[in-house]
Structure formats: structure tokens, C-alpha cells
Amino acid sequence: MLLLYIYSFDGEQLKYMLVGGVNLLAENKAEIDALNVFPVPDGDTGTNMYLTMLSGVKAAKQVDSNRIGDVVAALAKGCLLGARGNSGVILSQIFSGFAGALKGLDSAGAQNIARAFRSGADAAYRAVGNPVEGTILTVSRKTADAFERAAARSSDPVRALLLASRAARHALDETPALLPVLKEAGVVDAGGKGFLVILEGIIRALKDAAAQRNIELFDLAATQQKEFAGTRAREFSAEIEFTYCTEFILMGRNIPHDTLRQELAPYGDCLLVVGDDRIAKVHIHSNHPGLVLECCLKYGNLNSVQVSNMEEQNQDFKKSVVKTAAAKPLGVMAVGVGEGIATILESMGVDVVVEGGQTMNPATEDLLKAAEKVNAAAIIILPNNKNILMSARQAAELIEKDAVVVPTISIPQAFAAMLAYNPGDTLAGNKTKMEQALAEVKTGEVTKAVRDTVIDGMTIATGDFIGVADDVMTVAGPSLTRVVNTLIKKMLDEDSSLVTLYYGSAMTGGESREIVNQLQDIFPDIDFEIHYGGQPLYHFLISVE
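What counts and how
Residues numbered from 1 in each chain as written. Predicted model: local features only at pLDDT ≥ 70, side-chain atom pairs only at ≥ 80, totals over all residues. Heavy atoms only, no water. Helix = DSSP H or I, 4+ residues; strand = E, 2+ residues; numbered from the N terminus. Buried < 20%, exposed > 50% of the residue type's maximum accessible area, 1.4 Å probe, protein only. Contact = heavy atoms within 4.5 Å. Areas by Shrake-Rupley, 256 points an atom, 1.4 Å probe, with all protein chains shown as cover. Pairing = 2+ DSSP bridges. Axes fitted to C-alpha atoms, helices over the stretch in contact; angles between N-to-C directions. Phe/Tyr/Trp six-rings, centres within 6.5 Å; stacked < 30°, edge-to-face > 60°. Core = buried A, V, L, I, M, F, W, Y, C linked by side-chain atoms within 4.5 Å. Disulfide = S-S within 2.5 Å. pLDDT = per-residue confidence, 0-100. Arc of directions from axis to C-beta. Polar contact = N/O pair within 3.5 Å; in protein donor to acceptor, adjacent residues only side chain to side chain.

1. A short note on the overall build of the protein chain
A tally of regular secondary structure across the protein chain gives 20 helices and 18 strands. Counting every position in the protein chain, which comprises 545 residues, the buried fraction comes to 57%. Intrachain contacts of the protein chain at a sequence separation of at least 6 include 72% that bridge at least 24 residues. Of the roughly 23700 Å² that the protein chain leaves accessible, carbon and sulfur atoms contribute 49%.

2. Considerations on the sheet that holds strand β3 (residues 244-251)
The antiparallel open sheet is built from 4 strands, whose spatial order is β4-β5-β3-β6. Every other strand in the sheet has two partners, leaving β4 (268-275) and β6 (301-309) as the edge strands with one partner each. With strand direction ignored, the average angle separating the axes of adjacent strands in the sheet is 10°. Each of β3, β4 and β5 (279-286) is contacted by helix α3 (residues 68-82), which is oriented at about 40° to β5, the strand it contacts most.

3. Remarks on the packing of aromatic side chains
Per the counting criterion, the structure on display carries 6 aromatic pairs. Aromatic side chains phenylalanine 95 and phenylalanine 98 sit 6.2 Å apart centroid to centroid with 70° between the ring planes, which places their arrangement in the edge-to-face category. One end of the pair is phenylalanine 95 and the other is phenylalanine 98, both in helix α4 (residues 85-102) and 3 residues apart, which spans about a single turn. When sorted by exposure, phenylalanine 95 lands in the same class as phenylalanine 98, which is buried. Ring geometry for phenylalanine 98 versus phenylalanine 117: centroids 5.0 Å apart, planes at 70°, classification edge-to-face.

4. Remarks on the nonpolar core
Ranked by internal contacts, the top residues of the largest apolar core, which has 83 residues, are Leu25, Met53, Leu75, Ile90, Phe117, Phe147 and Leu161. The contacts of methionine 53, once residues within four sequence positions are left out, are Leu18, Gly21, Val22, Leu25, Cys79, Leu91, Phe95 and Ile198.

5. Description of the state of the cysteines
Using the criterion set out here, one finds 0 disulfides in the structure. Cysteine 295 forms no disulfide, and the closest cysteine sulfur to it belongs to cysteine 296, at a distance of 5.1 Å.

6. Some thoughts on the confidence of the model for the protein chain
Reading predicted coordinates in detail is not appropriate for stretches of low pLDDT. Overall, the prediction assigns the protein chain a mean pLDDT of 84, with 88% of residues at 70 or greater. Throughout residues 38-42 the model reports pLDDT below 50, and contacts reaching past four residues in sequence, or to other chains, amount to 20 contacts. Confidence drops under a pLDDT of 50 for residues 221-237, and excluding neighbours within four residues, the segment shows 36 contacts in the predicted structure.

7. Examining the environment of valine 188
Structurally, the position occupied by valine 188 is in the loop between α9 (180-185) and α10 (190-210). Overall, the relative accessible area of 17% leaves valine 188 in the buried class. Distance in space between the C-alpha atoms of valine 188 and threonine 343 is 9.9 Å, their sequence separation being 155 residues. Apart from residues lying up to four places away in sequence, valine 188 is in contact with Leu35, Leu172, Asp173, Thr175, Pro176 and Leu182.

8. Re helix α12 (residues 289-297)
All of the buried residues in α12 are Pro289, Val292, Leu293, Cys295 and Cys296. What you see down the axis of α12 is that its buried residues fit within an arc of 160°, all on one side.

9. Focus: the side chain of asparagine 384
Within the secondary structure layout, asparagine 384 lies in the loop between β9 (376-382) and α16 (389-398). Of the residues examined, asparagine 384 reaches a relative accessible area of 7% and is grouped as buried. At 2.7 Å, the side chain of asparagine 384 and the backbone oxygen of valine 335 are in polar contact. If we skip the residues at most four places from it in the chain, asparagine 384 touches Ala334, Val335, Thr408, Ile409, Ser410, Ile411 and Ala414.

Following this line, the structure appears as C-alpha cells:
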């Protein structure tokens, strides 16, 4: 699904995209704060990433040049000087890597941007003394992997960005499996979520550009009261070993970064020393901030010194989460089943997922109860199954607030609708755009026959695998791989470019990836993605775009 036919970006276009990224980060910073448990549960990752990027975007907008190398250099320096917290410093290093890769360029194509993503991920890993997987580091690295793959196959950077953002979302979903503290708290990594939000904001800006809409930079005050987001970590207890978050700018000549790291390491953890030989950003969690400052004074002058008590931040955050957020203008509820499906829907902006689907149709009353949990003045309902459409429409009439149904009859249609969803648009505007998006996706389903039957002349035996394309029985047989291959072949047309498979609870990741690898060999011109859906009954749900 192409947003723009464009094959390179210059500095002015980058400024526009960056504004989109930081604006969406502003909208989501409270939710990201609420996810924060690693490295300490201080509830500030979203705010720190937003303020860091805001500093960089302001600097980029001041550049009187349309050369992308100049703009990204200003972005990187602005982020470095404005970096806040562990996540902010890492984000600044990602942009520093971008600046190195794009230095001196007037514009950047897909290959240039692929190198920038790789350079950014590498810079982030180098900046962290002990890199931990399951964090923003992992998400940035896997995003770079995906962008490189996409750029190797197409010169269209917009398409590559779309595929990379999907890989970032998948990498984010996997962070709890890599980092036990996230699994215990029941959340994904906050820094990784922030990184994904920036990518999605850039994509939203490209959509605005395609529609010739202007966007303005949101500049929210740093002291703005954090609102508690509805999605947050479960009550989580963690001891904060080092109390004071200490960060500052060190200015001098020939600043010895490696020496500084060695000298500061005994004073705490989460140590970052980044920058160049004249300006260095230092961040550390320590119980002795005075000793940290004294150690660095011998190498230059200290500026923008901030020392925060993380114990107090943690307590303040715990108090803040009991407050109820003000209702937002628009919310979304969707019907779905499967842990992975629900996670993806929520990551795309769905407020409440109602458990249900084929053979598990929620009643109108179930939908009404779910609507009460959507803290919004108006609601969009995605039924995601033709058997639930009537109940959804009845619920929309009975809900005591404005409500509409976007008539999705499958999970892939729901994902397409949510890609078109814009929380800043009106209820009517979103309904129109989301319904238009339904035509852009084909849905396939693979399940097992529970009895012998004949459908449209096709003989089906008990236990056979069945392939259904947009509710039409298409193929059946004893081999799962052959059924999937045949189904996808019949669903593809000359405009098809991306196939996404969501594997169900009956499948393992290894089995699913093996099938996808075979599909990639059979259809080399098509991009394939695979995600865990966890849905019962269906071995695969398939989206063809």
C-alpha cells in the first residue's frame, strides 16, 4: 500500500517527517511512561524520549538548507544536547548514527536510508556499556535489518519504511520474551515502543503529505502534568539500587570517552558517555552524584546538570496512576481472539479488545459492557466477523455516546482499517477512510475440516486442511504446506506485493517460519511477514495487500 511515489527525501521533506514523529510521540508519551519498568520503574521513558526528540526537531527546523545531511546533523546535535534519561541518550545516538551515514548528502534514497538505520542501531549498541536485548536496542536493530532487506529489493523508501515499521512492531511484541522483567510486569519495552511510535508518526506525516495537509509542531511544556494511560504495567515491585539519575553536558577539549567510562563505572549503572571530543553527554544512575561531577570536572566544564531522585519519581508515578484520565475525543473497540491478535490490535490504537470470533460471537450486551471501558466521547466498533455485524450495529444504537460500526469481517480487514485510523480526525471522517481501506486487503484462512463433506464439487475428508479466500472455499487437502501455497497463489494478482501470515495456537513459530521460507522461494517477488496470532481453530490468518 504505497503512500507516495517518491524515491528520495531531501532536508525539507525530512523536517516534515520529523515533526510527524515527534508529534505522535507527544500524543503517546503518557502511555509509554506507564510501560516503563526497565532499567528502573520511574515512569518517564515517554517524556524523556519526547523532550529529547523535541530538542532535536527544533534544531533541525532552524537549518536554512534543504540538504538532508545538514538537517540530520542538526537533529543529532539537538538531541544530544537535549537528551534526557537513558532512553533519550540512546535515541540521540541513533540519530547520531543517521547523521554519520547521511553526512554531505543533498537527498537520500532507500539504500542511503538503509545505511542510516544500520549506523543508528550500531551507534546505540556502542553507546551502552552492557547492551540488553529486549529493549529499544533490539527494536532498532531489527528495524535496520528489515529496511536493508526492503531496500535491496526496491528503490522506494516509503515502501521500505512501511515494511520496517511492521518489523519494528513485531520486534516490540517479542521484547517480553527477551527480558524477564517485562514479562513479569506484563508490558512491552517502553523505549522500543517510543521508537515504534516515532516511525508510525513519520508514516502518518507521509500520509498527510500525500493529502497535501500541513502539520504543525506540538510543543508541550516539560512540566505538563502526565496523564495516566489506560494501558500500563501491572503493579510491579522493583528495588532501585542506585537512587540518583545524574546527567549533564561536559564541554572541553580532547575529552577521553573511554577513560571517563572506566572512571565512572564504579559509581553506578546505566552509564552512557556519548558525543565527540569537545562535547559529551554523560548519564549515570548513582548513589554519589557529587563524586560523579567531581570526577568529570577535571576534563572540562559542566553544563545543564540534572540530578533526579528516582525513588521519589517512582513514588510520584505510583500516586499518579490512580487518577482517571480525561476522556479523549475518539476511541476504538474491536472483537478478536488470540493473545497475539489482541496485542497487535492494541498496538495499532484499539482501546478495548472484546474476546470473540468464529463460533465465539459476543452478544450485544458483551459489546455494551466493553464500550463502558472505552474512555472516549465517541467509539468506532470493529466486529471483525460477519456473524457479529448485527450485534455490533445493535450495540452502536444502544451505546450512550456517539458510536459507529466499520463493517470489518476479518482480522486482516481490522488491521487495514486501523492503518487508516487517525485519532485527530472526526468520527465520520475516520469511518469513511477506514471503510475505504477494507478494499485494499484480501483475507485468507486455513483451518481443519471436522467432518466429511462436499462443497462446490470439492470433496473434503475429516482432518483435511481447508483454505478459504474471502469466505470462498478455495482449496482442501491433507498437506498444510500445499494448502497454504495453493491458497496464496490463488489470492495473488499483479498488484499484490505483501503477504502477512498470523499463525494460530496450533502452530509453533518454527513450523510457521519454515512454511514462510518455502513461500518466499516460490514467490520471490512478494514480501512475506509472519506474526504470532495465537487464534484458535485457524492455523493461519492471511492478509494479501
